[in-house]
Amino acid sequence: MKTSLIILATLISGAFSAATAQGQPQRKPFVTDTPMTHDPVMAYEDSTYHLFATGHGIQHLTSKDLKSWTVMPQPVMTVIPKWAHDSVPGFTNHVWAPDIIRWHGRWWMAYSCSTFGENTSAIGLLSSEKLAFPIWNDEGCIVASQRKRDQWNAIDPCFVIDKEKDEPWLVWGSFWDGIQMVRLDTTMHIAKGEKPRTIARRYPENYKAAEPNPTSKFAGTNAIEAPFIFRHGDYYYLFVSWDYCCRGSKSTYRVAVGRSKNVSGPYLDRNGKDMLQGGGTIVIEGDKKDFEAAGHCAAYNFNGDDIFICHGYSTKHNGAAILILRHIEWTADGWPSIRL
């Protein structure tokens, strides 16, 4: 059942006002040129850039120039739907890795409900007609995974539209058997008869890594996650993050890419190796000067300019994750080049 989250937001806003009257501080927006953020995605509407990221209820920032960012005090989700708590025991309100897309006159936002290192997870869906003062409708669950049932993890969603057929698809995944993909219907839920399939792995299937996973005893060593597909020219480009995030200065995140002329793949790297068998061409990684590591990316064309964003573990900020925003340059043979 759809729920207009704005109604609950109004009630909570009243609670904030009451708390302020009782002497508790009221949260206010603030401006920064160095946003601390994890897993950023972006959207553009009415001359304003909107950035959404992992956080309590999904972090929201806005900018007019991509340099100065206003951190909004109110998250996207002030109330977490009951189905999310029922689907993912232990999940509270720290919502991971959203994605957002404009399609058929609406904004659609997918988001991740999970607990660290486990694959009992769910990807939820919100929709709204606009981003300024939005009314976000709860559209339920797109896909869920369960420990011992599924060999994939339902987090890190990304929407992509097949331009030739005007069909939406969803990619997602983290560790286990890697990156999954499935076709959606016009409600942005899995189309009838469709089933997820693996399209990218960190290593070939059945590969035995020398070192164990330092972050989870359940996830295995297939250290690939955070897919994002970007259309440029005749190709769809699949960006993925390799290795380990969320360890501050010990993080080893980096971004690899492959491409395909078909949205459903196969995605091959610059040397022609299939990403399903561990292929991928590195496009950005830590330089050990400004950033120890960088990953969980997104890419866009805004006003004719191709933009790449991700979070990087900053050496200056003791390994804190901050926003990286760069322009994409393209090689003569059509591969993205990104300078850290």
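First things first, this report covers the structure right here in the doc. (Residues numbered from 1 in each chain as written. Predicted model: local features only at pLDDT ≥ 70, side-chain atom pairs only at ≥ 80, totals over all residues. Heavy atoms only, no water.)

**What about the overall build of the chain?**
Assigned secondary structure in the chain consists of 2 helices and 23 strands. Referenced to the eigenvectors of the C-alpha coordinate spread, the extents of the chain come out at roughly 60 × 45 × 40 Å. Across the 340 residues of the chain, 54% fall into the buried class. Summarising the internal contacts of the chain: among those between residues at least 6 apart in sequence, 53% fall at separations of at least 24. Within the structure as shown, the chain displays about 15,600 Å² of accessible surface, and the carbon and sulfur contribution to it stands at 51%. Averaged over its 35 positive side-chain charges, the chain has a centre that lies 3 Å from the centre of its 35 negative ones. (Helix = DSSP H or I, 4+ residues; strand = E, 2+ residues; numbered from the N terminus. Buried < 20%, exposed > 50% of the residue type's maximum accessible area, 1.4 Å probe, protein only. Contact = heavy atoms within 4.5 Å. Areas by Shrake-Rupley, 256 points an atom, 1.4 Å probe, with all protein chains shown as cover. Lys, Arg positive; Asp, Glu negative; His and termini not counted. Charge placed at Lys NZ, Arg CZ, Asp CG, Glu CD.)

**A look at the pairing of strand E9 (residues 121–128)**
Burial within E9 is extensive, with 8 of its 8 residues counted as buried. Direction of pairing for strand E8 (residues 106–113) relative to E9: antiparallel, over a ladder of 7 bridges. When the bridges of E9 are listed, Tyr111 appears paired with Gly124. Here E9 pairs with strand E10 (residues 137–145) via 6 bridges, running antiparallel. In the strand pairing of E10, Ser121 is matched with Ser145. (Pairing = 2+ DSSP bridges.)

**Side note on the nonpolar core**
Met42, Trp69, Ile100, Phe239 and Phe308 are the most contacted members of the largest nonpolar core, which has 73 residues in total. Sorting elements by how many residues they give to this core places strand E19 (residues 291–302) first, with 7 residues. Ile123, Leu170, Val182 and Leu184 belong to the second largest nonpolar core, which has 17 residues in total. (Core = buried A, V, L, I, M, F, W, Y, C linked by side-chain atoms within 4.5 Å.)

**Section: the sheet that holds strand E18 (residues 281–285)**
The 4 strands lie next to each other as E15-E16-E17-E18, forming an open sheet whose pairing is antiparallel. The sheet terminates laterally at strand E15 (224–232) and E18, the two strands that pair on one side only. Averaged over all pairs of adjacent strands, the angle between their axes in this sheet comes to 25°, without regard to strand direction. Bridge count between strand E16 (residues 235–242) and strand E17 (residues 254–260): 7 bridges; the pairing is antiparallel. Bridge pairing in E17 links Tyr237 to Arg259. (Axes fitted to C-alpha atoms, helices over the stretch in contact; angles between N-to-C directions.)

**Examining the sheet that holds strand E7 (residues 94–103)**
The strand order across the open sheet built from 5 strands is E4-E7-E8-E9-E10, with neighbouring strands paired in antiparallel fashion. The open sheet is flanked by strand E4 (55–56) and E10, the only strands paired with a single partner. Looking at chain direction, E7 and E8 are connected through 6 bridges and run antiparallel. Within E8, the position partnered with Ile101 by the bridge is Trp108.

**As for the state of the cysteines**
Summed over all chains, the structure comprises 1 disulfide. With a sulfur-sulfur separation of 2.3 Å, Cys245 is cross-linked through a disulfide to Cys246. Its torsion about the S-S bond being -70°, the disulfide of Cys245 and Cys246 is classed as left-handed. Given a relative accessible area of 13%, Cys245 falls into the buried group. A relative accessible area of 41% places Cys246 in the partly exposed class. Lacking any disulfide linkage, Cys113 is separated from the closest cysteine sulfur, that of Cys141, by 7.9 Å. Judged by relative accessible area, Cys141 falls into the partly exposed class, the value being 29%. (Disulfide = S-S within 2.5 Å.)

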